[in-house]
Each structure stands twice: as structure tokens, then as C-alpha cells.
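Examining the three-dimensional arrangement
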Amino acid sequence: MKRLLAATAALGLTAMAAQAETITIVREVDSDRYDPHRTTARAASEVLFMLGDTLVALDEDMQTIHPGLASSWTVSDDGTLYTFTLRDDVTFCDGKPMTATDVVYSLERWIDPETKSPVSWRAGDVKEIRAVDDHTVEYELDAPFSELLYQLTQSFAIVIDPDDVAALGEDFGVKGLNGTGPFCWDEWTPRTEFRLTRNDAYSWGPALYENRGPAHVDEIIWRIVPEENTRMAAVVTGQSDVTQYVPYNSLAMLRESPAVDVHISDAAHWTYFMGFKITRDLVDDPAVRKAIVLAVDQEAIAQDIYFGEVTPAFSYISQGALDWNAALDEELLRTNLDEANRLLDEAGWVVGDDGIRTKDGQRLEITAYGFTGSTWQKLFEAVQADVRAVGVDLQLQLFDATIAWGKLATQEFDVFGMSFPYISAGDALNLYFRSENMPTPNRMNWDDPETDQLLDRGKTAVDPAVRADAYGEVLRKVHEAAVWIPLYHEPMKIAQSTALAPVVPHNIYGAGLYKGLDLRFLD
Amino acid sequence: MASTAPLEVTTAPRRRGPMLRLFRRKGALVAAILLAASALGAVFAPLVAPFDPFATAGRPLLPPFWAEGADAQFVLGTDGQGRDILSRLLYGARLTLSIGLLSVGIGGAFGMAIGLLSAFFQKADPYLMRLVDVLLSFPAILLGLAVAAIFGPGALAIVVALSVATIPDVARVTRSAAVVVMGQDYIESGRAIGLSNGTLIVRYLALNCISTVFVFLTLRFGQVILIGAALSFLGLGARPPTAELGMMAAQGRDFLFFAPHVATVPSLAIFVIVLSANVLGDALRDVLDPRLRT
Amino acid sequence: MWQQLLKRLLLSVPVLFGVLLLGFMLLQLVPGDPAVVLAGPMAPPAVIEQIRVDMGLDQPLLVQFFLYLGRVLQGDLGRSLISNVPVVEELARTIGPTAELMLASLLWSTPLGIALGTIAAVNQGRFLDQAVMAFSVAGVSMPIFFIALLLMQYLGYYWQLLPFVGRGGPLWTIDGLRHIALPALSLGLIFIGPVARMTRTAVLDTLRADFVRTARAKGLRERVVVLHHALRNALIPVITLIGLQAGYLLGGAVVTETIFSWPGVGRLAVGAILASDFPLAQGTILVLALSFIAINLIVDLLYAALDPRVETA
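1. Notes on the overall build of chain A
- A count of helices and strands for chain A gives 15 helices and 22 strands.
- Taken over the C-alpha atoms alone, chain A extends approximately 75 × 70 × 40 Å along its principal axes.
- Each of the 523 residues in chain A was classed as buried or not, and the buried ones make up 52%.
- Relative to all contacts within chain A whose residues are 6 or more apart in sequence, the contacts with residues 24 or more apart total 69%.

So, in C-alpha cells, the structure goes:
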């Protein structure tokens, strides 16, 4: 019997070696689509970075900008005109050469109001984007935008093929996407897997990679495995070669495992929080919000759910992020149950028989919307238990990621759970606190003209000090109003099979593998 | 045709070794004790449970008493959020058993009514039996999926689905038992002394079939609990923070490889409950109604 | 025989009707105006109105139901709310894997169950019988997810013998077989109990039958009597009963697929329901119900073909 088992095992190993040129990556959720302008999901970006290229690329240090599809660029002195010179050897997956027209089309589609891109603001206040000749693009702004090049490295700015968009119509990014990336669209089976095949013609990878193209591996399979435990086991048993979606509780064990290497990068700016819809009954009261924030025990969450592998968050963005307002460090709301109870008592909320507070016959019951999946399920349940201790009944309604985005665009919840990547304070604040971004992504309904002015000032500042001041003021405002419950700052963590060459985690939009050009098996 | 097969009635005498008989009795006794213990634990969960099943009580993922590093306070260990598993188990059994009892009760009542009416009013018989055949074409899991799709996941959805799934089989069993009773003299005599149809059905027919139906429902109980737990495991049943055994097992999956007890303890609990119900049902059948065989 | 079949087919009509009604109801649950959903966010009101008329959304519900029936007959089950992919396409991708899984599990568990049942019957009342029956009762009392999780934990993780995530290559390759092993093992395990139990009962019945006694009286060896006479005749009810367990198997398959990320209809159905993707949920439920009806029909056919008594009836 034992011999038989050994034989099957050996058989298995040879079977794996035979198809060694495929890399399987397991992850938790799928995206609702892969149209770069109509989704903001990390799950989409992960694939889009591999399917397509951007004019400029971001280094692992999250600071240096490398040439991408543009071999060089110039910026005018007033900071409003960017001129990009394109490479002339770039082709799409279908073999068609890429030209300036395609670039202009892609960027224009991004900001076109018809596209309804939730992230068009990231392109800055565009005056005009034009093709000067086949290999020159001019990007003209109404006002300077100091973050433009960083934004142009994001997956929203990948170059797509106009003919492809026209041919596929509503199926663009659902049944295909003709990109210029190191990998090409093979097949997407929603909620099961996404198959990418190598683009053999690829030779224009950015300089941050040792390998400029084509990619080492023939095929990449992004496989959806919702259960974190199964993902971890898949890595240990070699069914997944690399993934950033391993559970925290297994990191210690994975480090011990001879077949697995773990890489951690703290340069990631990715924060988990819950936000209040401050126009809703009950949570429109700052005292109630403050009490809830005070009731949540971030240290315990970081320790119990994440085994101390994440940084508990009391600030809305990482305190190490660009333009964080250090003056707020001492004023952040830290866990304090007594204070939370005192605030609620003071506001007239009386604890009832079932432990839940009431006031004038109304129960302190608030509804939270969020994502299904192990991460949010546990986070929500932990917060639910924490706030219950001060007499708040948090009702959870969790939705599959594919419809949660739609649900979160409604006005029917009191609290929502979300996590987001950012480069700087401005990046985060412009996304969440602009009044024009209501109801989504400004799901808080934070509607404050002064905030809008400050954000404008920060965004167009040419002087970094002015920018930091403006954003610092917005940070103070929103922290004082207790519109979020910050939960934790997530590091980038990648678990990989030791059969693979060491992977350097990237932090761009939380997509740890970025373009995947250096992914290869050791001999 | 095929659908009548599982309830085949046989009168052939069966020989049985004395050992088996003894084993059966002993097994039934143990099963009854286990089942009663689970039921008592579930009913008195608020009194018995050492901790709040919904609140963090200790360090997360503490192992149960038989494993190394256990904390005597938490006999069965703690789950991923540091909640006491024993307490959650008691509350979970409460919901799991309620779902089973309710479904079997509701489905049994409707099924029995259909079966009795079908046997008593022979004109209605073909129609009622066709209805039963139609219901029989929906396996319980499919009903569960459909109901969860329509009403959204929840414990209520499961009860509805499992009740409906119970109706057709009970109706068949009741009918075949009732038809035998109908052929006996006392229904005729009852009619002769001018008893109303209602009295006849309730006093005579129902009373004479009740033990058969009861035995069948006992046998069915285990299956119903299994399907309910499976639906909850899939996320189509009870919602957090309530505790339900199947759901607890699903949550335990996250720790399967280094804290397997979080998943195995509730799974084992389901196994024990269902096994007890099945063993007890088998024994009851042998004693009360040996004609019922599957 | 044909009469039986006809009866069965006629019986399927109300069932089908019920299933379709269910599907129609599910589609009514789609949030928002289906015409708007279908038209996409950029469509002008005139286009939406046109779609509304085309789809018959301006008609009373009853008419809409018949329009729905018409669309279903043409194989149009709508598009997934989530991936925008036609439901029929998603279904077509998943039916194969589900059928694979079910067949693979039946293939090993049914013969084993029949063998165990026969052994139990022949040794009625003795230790072997008790052991088989105890195993069988335990088998039908085990939650399928418990079995699957245990197998995954030991065979998949601790001993690393078999993969447990998704489906590999085409089924006939080594990779394909390795991937189906654990799901098929799990699903088959819950099936042995019922099959063994049913076989035992059926074989016991035939062992008491006259023709078996005659065979024994003729002095045939016990082995021949059991295998050639008793078991052969017992197979007829056993096959029927296996068919009846299709629902049970289906339930197990849904859980197994979900646990092992097996890309079948069951996993798709659960995902669609959890995601409130009503058109897709409708499609999966329709397909599952249809296959259940089909299996029952096939079982009847087999029963009629195997059992001479049905023909004369």
C-alpha cells in the first residue's frame, strides 16, 4: 500500500514538471469586469497590468518613474503640458502596431463622461490630449497636477485598442481585451479562473525588470479560491506557485515551510476602514460615530485576526504616507470603552435588557454593507462584537464582490467596509472626500465646500509645502468628524514556491506581481 | 414507477441473529441518550453555556482539551475570534435541531394530511398523488437553492425548503398505511353509526397511521438535518453572528490545517446527532413498524 | 413498457412547468428595470423603450411568462448580471465537469456498495453483516463536507498525495485524473452507505424467492446461487433505487464542488445565489431540475428494459 502511495506521489511530481511553464496564482475574489475604465477593483488591476502597458511605469520603491510605452517625456515649466515620445516597436496582442492614436483614444475614453469611469479624476484636469504624429502624444492640463505621472502608471491608464472596444461593445473587458502587455487574454471564466498566455512579441518591458520581454512563462492562471485556508494549502502543496492572498495566521507556518518563501514589504499603502454614511439617521450624530470608533479595538483585531502581521490603524492613511499631517498623531481616536460609553450615555442612549441601547424607543441598530469572503467576514464580526460591548447593534449584510460595488453605490446602509491603495494623502483624499464623488466613492456623503477648495489647492499646488498644508487640513477635518473607523494598514506579503526565482513584491495598487515579467521557474 | 420503490412494503418474516438484535437495542439506548443530551443542551443552552457564544472570550484558536496547549476553561477550545466553541456548539445545536424539528413537523403535518385525504377520498386520490409526484421531482437540495435564491439566504429559507421536501414522502407513507386501514371493518362501522368524515379521518384513520408516520419522520429527521447543515455550510442558511453547526464548520475551514478542531468539532456534533437519530429511527421501526423498510 | 414511459413523460410536464415558473419568478427578482439593465448605461430612453416592447415587458405577467417560455425554448436564458456572459454559455462550461464528477464517483462507489451489500446479505446476522450495516449507517450520517474536509486535510495537505483546487487538464490526462480524485472520492463515500443498504435488502429478498430455492435445490454451489441468481435479480431494484438517490448525489455534488473549487453547475449555482445573480441562478436551477428529471426517465427506461414484469404490465 505504501509503495503504491509513493508511486502515485511520484507520478504526480512528474505530471507537474511536465507543465512547469504554467504559473498558477490563487486569489480571493474576481472582478466584475476587466474594462480598465469601468472598474476600480484590485482584482481587475492585477490582470490588467499583465494584459496592458502604460506610458510610464512605477518602480518598486513607489517613487521612481520609468519609461514604459513612452521612451521619454518632457514637462513644461508651468507644469501643464506633458509631451510623450512613444516607442515605435510596440504591437498589440493581435499583431497590430500601436500608435499615438491608440494612446489618445485610451486616455480620452478614460475621462469621457460617457464612460462613467469612477476614477477619471485621476487623469487630472485635462484640457486636451492629442496625437502630434504617430509617435508623439501631448497631454495638456488646465491646471498643474503634481501626481500626473504616478496616476499614469495605474491600470486605468493602460493603452487599449479602439477597434477591439468597438468590436466587443458591452463585451469589452468581459470576453476579451487586446492589449500590449507581456501576456494576452486567453479566457475568463468568471469566479473560476482567468487564463493569460505569453505575448511572444513582447520586448518593451520597463527597466525595473531584469527581463524586458518576452515573459519567461507560457501561461499564467489566476484562479479564484475564496477560502483562505485552501489558498494557503495550495501554496504549500505546490498547486499555486505564488500568491499574495495567504492568510496572516499561516505566515509563521509558511516561513517554516521548506517549499515556500515569504516576502513582506511595508512600503505598501493599503488601508482597511469602515466608513459612516453621515447623512443617515443615527450615524449623522458625531457623538454616536465617535463612540463607535472608540469601541473598536484595532490592536486586538491586528493581533487576533492578523496575528500581529498588520499595523493597527487609527489614522485614515498610513502615518508614513506622503503629506500625512503629523500634528494629528496625538489626537487620533484610540480604543477607549469608557469614553465610548460616556459619549453614548451623554447623548441619551440607555442600555436595554438585551444589552442594546435605545433612545426614545429607537434601538441603536445600524446596518453595515460589505463584501463576503473570509477577510471582511471576520473583520465585520470582530467590529460587531466590539461595538456590541457598548450597546450598539451592528447588522451585517455581506455581498459577493461582484454585486457589492453596486450595493455600495446606494444610499441604503449606515456603515460600509472598504480597503484602498494610495500613493499619498492627496491620492486618498481626492478619491473619498470630494463632494462630486458622492455617492461613490464618497459613500460617506461628505459634502463640504471648504474641503473641496482645499483639495483643489492641494491638487494644483506646485509647491510641496502648500500641498502638504492643504491636504493636512482636510485630514484634520475628517478625522475630527470621525467619519471612518480605521482598522489596519496592510503590508504587501507574497508567498511563493521555492521552485520560482525570488519574487520582488511591488506595491502598485496592491497588485504585488505587477507585470509578472520576472516570474520564472528555477532550473 | 420508480418513485414507489423505496417504500416497498413487505410482510416477509426476517430472521435476525441474537447478537444483532442486542446490538441494535444497545445502540438504540446509546443513541437515545445522546439525542436527549443534545436536545437538553440545546434547550438549556443559555443556562449551560459557560460563555457568551457571540463574544470573544479568550485567545483565538485555543485547542480542545485533548490537544496540547489547551486551556481548561475552554473545554472544546476557541474559534478564530476567540469565542468558546462549546458555548457556540450548544447554541448551534439549538438552531440546527430547531430547523430539523420544524421542517419535519411542518412537512410531516402537510404530508400526512395529503396522505390521509388521498386514502379517504378516493376520487381525489389520483390528483393528490400526481401533486406528490411533482413535488418528488424536486430534490431537497434543489428546493433549498431555489428558496434561498428567491427569499435570500437565511434559516427560514432552509425550513421552507426542507418542509416542502418532506411532504411527498410522508404523503406516500401515510397513504399506503391509511389504505390498509381503510380496508378494515371499523371505518365501515364508523360510517354505519353516522360519524362524520372529519371524525373518521381524525379519530380512526389518523390515529391508526400515526405510529408509521412517526417512525418515518424519525428516520427522516437525520437527513433533514444533514441537508440543512449542508445549505448552511454553503452560506445559504443561517447568517452570522447566529451559530448553526453547518455554518460553524464552514467558518472552521479557514483554520483547517492548523486548528482543525474549529471545523471538526461542529461537524462531529452533526454526525453524532444524525447518527443517533438514524440508529434510533431504525430501532423504532423494527419495534413499532417493521413493514416500513428502505 | 412504452405506456410506462409515456406516463412518466406526461408526469414530467407539470414538473417542467413548475420549474419554469420558478425560473420566471427568479427573473422577476432582478433589481431595477430589466430593459435598462439590458440596454446598458449609455442607452437613450427610446432604445430602452424599444427593448421593453421587444421583450414584452409592457405586457401583463401571464403573457410575459409565455414569452419567457418561448425564449427558454430557443435556448435564451438571459445574461449574467455580473459577467455579462450569456447564461447558456456559463452553463455549457459547467455541465461537463459536474457530469464528470458524478460519473467518477458513481464508478467506484456503486460496485463497492453493491459488493458490500451482497456480502452483508449473505452473512446476514453475522459479524460481517453488522460491520457493513454499521459502516453504512455511519456513512449516511456523515455530513459530506466533513468527509471532504477530512480528505482534503489528510490526503491533500498532510500527505500531499493529491491536489484539491480546481480541475486539471482534460480528464483523461494524469493531471486531470489527479484533480478529480479527491472530489470523486468524497462524493462516492457518501454514496456507498445507501447503496450497500439497498443491495442488502434486495439480495435478502431474492434469496428467499422461489427460484433461488430451486437453484439451491438443484445443488448449485452457493457462490453461483448468490452471484448468478440472487444478485442478478436484486440488481433491478438496486438500479432503480440508485436513480432515486440522484437528488442525494446532487446535494453532495453541490457541496463537493464548492469545497474543491470544482468548476461545475453546483458551485456556479451557489455562487450565483450568493451574488444575487438571478438570471444565472435561474439557469442553474433549470439545468439541475432538468437533469434530475432526465435521470429519473433514464432509470425508468433501465427498469423497464431489465425487468420483464414491467413489459407485460
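After presenting the structure, the write-up continues.
2. Quick notes on the overall build of chain B
- Along the backbone of chain B there are 10 helices and 0 strands.
- Split into buried and exposed, the 294 residues of chain B put 53% on the buried side.
- When contacts within chain B are restricted to residue pairs at least 6 apart in sequence, long-range pairs at least 24 apart make up 72% of them.

3. Here's the deal with the interface of chain A and chain B
- Contact with chain A, which involves 15 residues of that partner, is made by 15 residues of chain B.
- Class assignment for the residues of the side of chain A that touches chain B results in 7 nonpolar, 3 polar and 5 charged.

4. Looking at unusual backbone geometry
Residue and element names in this part refer to chain A.
- A cis amide bond links G213 to the next residue, P214, at an omega of -10°.
- Its location among the elements puts P214 in the loop between β9 (193-198) and β10 (219-224).
- Here M438 and P439 are connected by a cis peptide whose omega angle stands at -5°.
- By secondary structure assignment, the location of P439 is in the loop between α13 (425-432) and α14 (449-460).
- Within the chain, R191 stands out as a residue other than glycine whose phi angle is a positive 60°.
- Given 25 C-beta atoms within 10 Å, R191 falls into the buried group.
- The phi angle at L282 is positive, at roughly 75°, despite the residue not being glycine.
- Position of L282 among the secondary structure elements: in the loop between β13 (270-276) and α8 (286-295).

5. A word on the sheet that holds β13 of chain A
Residue and element names in this part refer to chain A.
- Sheet architecture is open: 6 strands sit in the order β14-β21-β13-β20-β18-β19, paired in mixed fashion. What marks the edges here is a single partner per strand, and that holds for β14 (311-312) and β19 (393-399).
- Packed on one face of the sheet, helix α11 (residues 374-388) meets β13, β18 (365-371), β19, β20 (415-421) and β21 (484-489) and runs near 170° to β19.

6. Concerning the pairing of strand β7 (residues 136-141) of chain A
Residues and elements named next belong to chain A.
- Burial along β7 is one-sided: the face carrying V137, Y139 and L141 is buried and the face carrying T136, E138 and E140 is not.
- In terms of strand pairing, strand β6 (residues 126-133) meets β7 through 6 bridges, oriented antiparallel. Bridge pairing links E128 to E140 in β7.
- Between β6 and the antiparallel strand that follows it, β7, lie 2 residues.

7. Thoughts on the pairing of strand β22 (residues 492-497) of chain A
Residues and elements named next belong to chain A.
- Within β22, 6 of the 6 residues are buried, which leaves it mostly tucked inside the rest of the structure.
- What you see with β22 is no split at all: M492, I494 and Q496 on one side and K493, A495 and S497 on the other are buried throughout.
- Pairing analysis gives 2 bridges linking strand β11 (residues 242-243) to β22, with the strands arranged antiparallel. Counterpart to V242 in the pairing with β22 is Q496.
- Relative to β22, strand β12 (residues 260-265) runs antiparallel, the two being bridged by 6 bridges.

8. Considerations on the sheet that holds strand β17 (residues 362-363) of chain A
- Overall, antiparallel pairing links the 3 strands, which are arranged β15-β16-β17 (chain A) in an open sheet. In this open sheet, the two strands that pair with only one neighbour each are β15 (350-351) and β17 of chain A.

9. A short note on the nonpolar core
- Counting 342 residues, the largest nonpolar core has L142 of chain B together with A269 and I285 of chain C as its most contacted members.
- Among all residues touching I285 of chain C, those that are not within four sequence positions of it are L142, L145, A146 and A149 of chain B together with L22, G23 and A269 of chain C.

10. Topic: the interface of chain C and chain B
- Residue-level contacts link 51 residues of chain C with 46 residues of chain B.
- Among the secondary structure elements, those contributing two or more residues to the side of chain C that touches chain B are α1 (2-28), α6 (127-141), α7 (144-158), α10 (222-244), α11 (246-259), α12 (265-274) and α13 (278-306) of chain C.
- Counting residues per element, the side of chain C that touches chain B draws most heavily on α13 of chain C, which supplies 10 residues.
- Tallied by class, the residues present in the side of chain C that touches chain B amount to 35 nonpolar, 13 polar and 3 charged.

11. Observations regarding the confidence of the model for chain B
All names here are of chain B.
- Of all residues in chain B, 89% attain a pLDDT of 70 or more, and the chain-wide mean is 83.
- Element-level pLDDT for chain B is lowest in helix α1 (residues 18-43), with a mean of 77, against a maximum mean of 93 in helix α3 (residues 85-120).
- Low confidence marks residues 1-15, where pLDDT is under 50. Its contacts with residues over four positions away, or in another chain, come to 30 contacts.
- What the predictor reports for the complex is a pTM of 0.79 with an ipTM of 0.85.

12. A look at helix α6 (residues 155-182) of chain B
Residues and elements named next belong to chain B.
- Between the first and last C-alpha of α6 there are 39 Å, a value that for 28 residues agrees with the 40 Å anticipated at 1.5 Å per step.
- Of all the bends in α6, the greatest reaches close to 30° and is centred on I167; the proline P168 follows between one and four positions later.
- Counting buried residues in α6 gives 22 out of 28 residues, a clear majority hidden from the surface.

13. Points about the packing of α3 of chain B against helix α10 (residues 261-288) of chain B
Residue and element names in this part refer to chain B.
- With their axes 11 Å apart at the nearest point, α3 and α10 run at an angle of 35° to one another. Pair α3 / α10 crosses with right-handed handedness. Contacts between α3 and α10 involve I85, L89, G92 and A93 on the former and, on the latter, V262, V265, P266 and A269.

14. With respect to the environment of N442 of chain A
All names here are of chain A.
- Tracing the backbone through its elements, the reader meets N442 in the loop between α13 and α14.
- Taking the C-alpha atoms as reference, N442 lies 4.6 Å from Y432; in sequence the two are 10 residues apart.
- When residues no more than four places from it in sequence are discounted, the contact partners of N442 are Y432, F433, R434 and N437.

15. Things to note about the confidence of the model for chain A
- Residues with a pLDDT of 70 or more make up 96% of chain A, whose mean pLDDT is 89.
- Here residues 1-20 of chain A is modelled with pLDDT under 50, and outside its nearest four sequence neighbours on either side it reaches 11 contacts, counting other chains as well.

16. Digging into the packing of α7 of chain C against α11 of chain C
All names here are of chain C.
- Running from N to C, α7 and α11 point in directions that differ by 30°, and their axes come no closer than 9 Å. Of the two elements, α7 crosses α11, and the hand of that crossing is right-handed. Of the residues in α11, those touching α7 at I144, F145, A148, L149 and M152 are G252, V255, T256 and I259.
- Residue classes in the contact of α7 with α11 are distributed as 7 nonpolar, 2 polar and no charged.

17. Structural notes on α3 of chain B
- An ideal rise of 1.5 Å per residue puts 52 Å on 36 residues; α3 of chain B measures up with 50 Å between its terminal C-alpha atoms.
- The element α3 of chain B is extensively covered by neighbouring structure, given that 27 of its 36 residues are classed as buried.

18. Overview of the environment of F433 of chain A
All names here are of chain A.
- Structurally, the position occupied by F433 is in the loop between α13 and α14.
- F433 gets classed as buried once you count the C-beta atoms within 10 Å, which come to 25.
- When the C-alpha atoms of F433 and F413 are compared, they prove to be 18 Å apart, with 20 residues separating the residues in sequence.
- In this view, F433 contacts N442, W446, T451, L455, V474 and V478; residues no more than four positions away in its chain are not counted.

Cut-offs and rules
- Residues numbered from 1 in each chain as written.
- Chains lettered and ligands numbered in written order.
- Predicted model: local features only at pLDDT ≥ 70, side-chain atom pairs only at ≥ 80, totals over all residues.
- Helix = DSSP H or I, 4+ residues; strand = E, 2+ residues; numbered from the N terminus.
- Buried ≥ 20, exposed ≤ 12 C-beta atoms within 10 Å, placed from the backbone.
- Contact = placed C-beta atoms within 7 Å.
- Nonpolar A, V, L, I, M, F, W, Y, C, P; charged D, E, K, R; others polar.
- Pairing = 2+ DSSP bridges.
- Axes fitted to C-alpha atoms, helices over the stretch in contact; angles between N-to-C directions.
- Core = buried A, V, L, I, M, F, W, Y, C linked by C-beta atoms within 7 Å.
- pLDDT = per-residue confidence, 0-100.
- Expected span 1.5 Å × (residues − 1).
- Bend = angle between axes of the 7 residues up to and from the residue.
- Left-handed = near helix turned anticlockwise from the far one by under 90°.

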